[in-house]
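# Descriptive structure summary
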Amino acid sequence: SIGNEVSISSRNILLLTTVDLKASLKRLEEHLHIVACKKYREIYKKVKRTRDRVPRTVKKLQVRCHFKMGFYAELYNDQILALSHYKSAYNYLAQIKVAHDSEAVIEVKAVAEVIVFKIVYLLLHMNRVSDALSQFRQHVKTFQSLLGIPSLAFHHHAWMSNQYRTFGEFWEEAPSAQRHSSKMQNSGYFYQSAAEYALKRKESAQHALEATGMAKLQPSTNVPNPEYLGQILTEAEHTYSQAAVGNNQIHKHVILQRILLSEAKHEHSEGVLVLLTRAYENFKRHRCTRMILHVAYHMACEYLSVENYTMAKKFFDRIARTYRKEKWTPILSKIILRALQCAKSLGVRYDSVAYTLELLAPNLRLSNERKTALARDLKALSLNVPPPPPPPRRSPPLPP
């Protein structure tokens, strides 16, 4: 009667009662879902009409329209249609030609990342695990050589690391993927790959920051936040870079400084250790013994690089027990040398002597020069005097 008085159809009126509030709220949820889906279908059709007027040669607009159509189709629960549009958007994006040394590469990769993980998410939730894995591998193959501005190689390594990390998280959280996990295929491998690219990022970023004099910037240095995904410059920075019309070098310089400033704030070793820890935990869960040792070694090396000698020594000792038992002396000697470095830095005299004696054993093959230096250090330790300084020649870094 109230509906008739105000000229509202009874289909648009929903009565809620406190007698069974839970059931009432459930009806309200279902009703709002129906209304929302109807609205999303209308928007989808509107975008589709726009897309139909766009020539296929205008690939950027095709990417935009297909992504929006896939997004709205996903909102009204048509996963198959959404997947089709996301794939079309990705295919059009892959056809866009950009100069390999331009900022456009960064923008294309940012868009590709969003689209591919929409595809992967839907495939995993549709129990199409092998298709999701194939899609991700093709994605990596397509973009891993697209470096962008050469002096910003660390930015590309960061992007690659994020691809593997995100896919590892998807794989870890999707029940369909967990059913396919095994010793040979689990999220630990994706986290490990992410960590490897994070290490490349750390190395190339250090070189770039040192070359530009920005290595001493503090993490607290103020950096403007981007306004949208994939944005490099703020509006003010973009206006400044475009002030010199036709001077592409100035524009590139502004981009370079902006990205370097952001990179100077990043805690590289912390990011590497987070990824290695995730890989370590996943390999332990699947009992991948060799991979556990491999990742633990790199964790120890990273702790050593940030002078966390306690944690580094803990991991080196843990790994060394296995290789002592298996008598893998070439690997063991490298581990013990680094454990000795940790013990000396911590001032743990007993362990320093023990490691040195172990390294002087005949079964550990070291150069005569190295053994002579170790014997000299051992003598200094026994006399409780500081060890002699090392020779001026720098030894090459030890491989894992």
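What comes next is a walk through the structure. In this text, all values refer to a predicted model and were calculated from it rather than measured experimentally. The residue count restarts for each chain, going from 1 along the sequence in the order it is written. Restriction of local features to residues with pLDDT of at least 70 applies here, the model being predicted, together with a cutoff of 80 or more for giving and counting side-chain atom pairs; totals for whole chains, interfaces and linings are based on all residues. Values shown for side chains rest on all heavy atoms present in the structure; no hydrogens or waters enter the calculation.

Once that is clear, we can look at the environment of Thr50. Every helix listed is a DSSP run of H or I at least four residues long, and every strand listed is a run of E at least two residues long, numbered separately from the N terminus. In this fold, Thr50 is placed in helix α2 (residues 21-53). The buried label applies to any residue whose accessible area, calculated with a 1.4 Å probe on protein chains only, is under 20% of its type's maximum; exposed applies above 50%, and partly exposed to all values in between. The exposure class assigned to Thr50 is partly exposed, which follows from its relative accessible area of 34%. Placed 11 residues apart in sequence, Thr50 and Leu61 show a C-alpha to C-alpha distance of 9.7 Å.

All right, on to the packing of aromatic side chains then. Each aromatic pair joins two rings of Phe, Tyr and Trp (for Trp, the six-membered one) with centres within 6.5 Å, and gets the label stacked for planes under 30 degrees apart, edge-to-face for over 60, and tilted for any other angle. According to the stated counting rule, one finds 21 aromatic pairs in the structure shown. Relative to Tyr72, the ring of Phe71 has its centre 5.6 Å away and its plane inclined at 70°; by these criteria the two rings are edge-to-face. In this structure an aromatic cluster arises from ring pairing among Phe117, Tyr121, Phe136, Tyr164, Phe167, Phe170, Trp171, Phe190 and Tyr197. Cation over ring: Lys200 sits above Tyr197, and NZ or CZ is 4.7 Å from the ring centre. Counting as a charge over the ring demands two things of the Lys NZ or Arg CZ atom: a distance within 6 Å of the ring centre and an angle within 35 degrees of the ring normal. The ring of Phe315 carries the charged tip of Arg318 above its face, separated from the ring centre by 5.2 Å.

Should a side-chain nitrogen of Lys or Arg be within 4 Å of a carboxyl oxygen of Asp or Glu, the pair is scored as a salt bridge. Applying the stated criterion across every chain, the model contains 14 salt bridges. A salt bridge links Asp52 to Arg51; its shortest N-O distance comes to 3.0 Å. Ionic contacts of the salt-bridge type, sharing partners, join the residues Lys48, Arg51 and Asp52 into one network.

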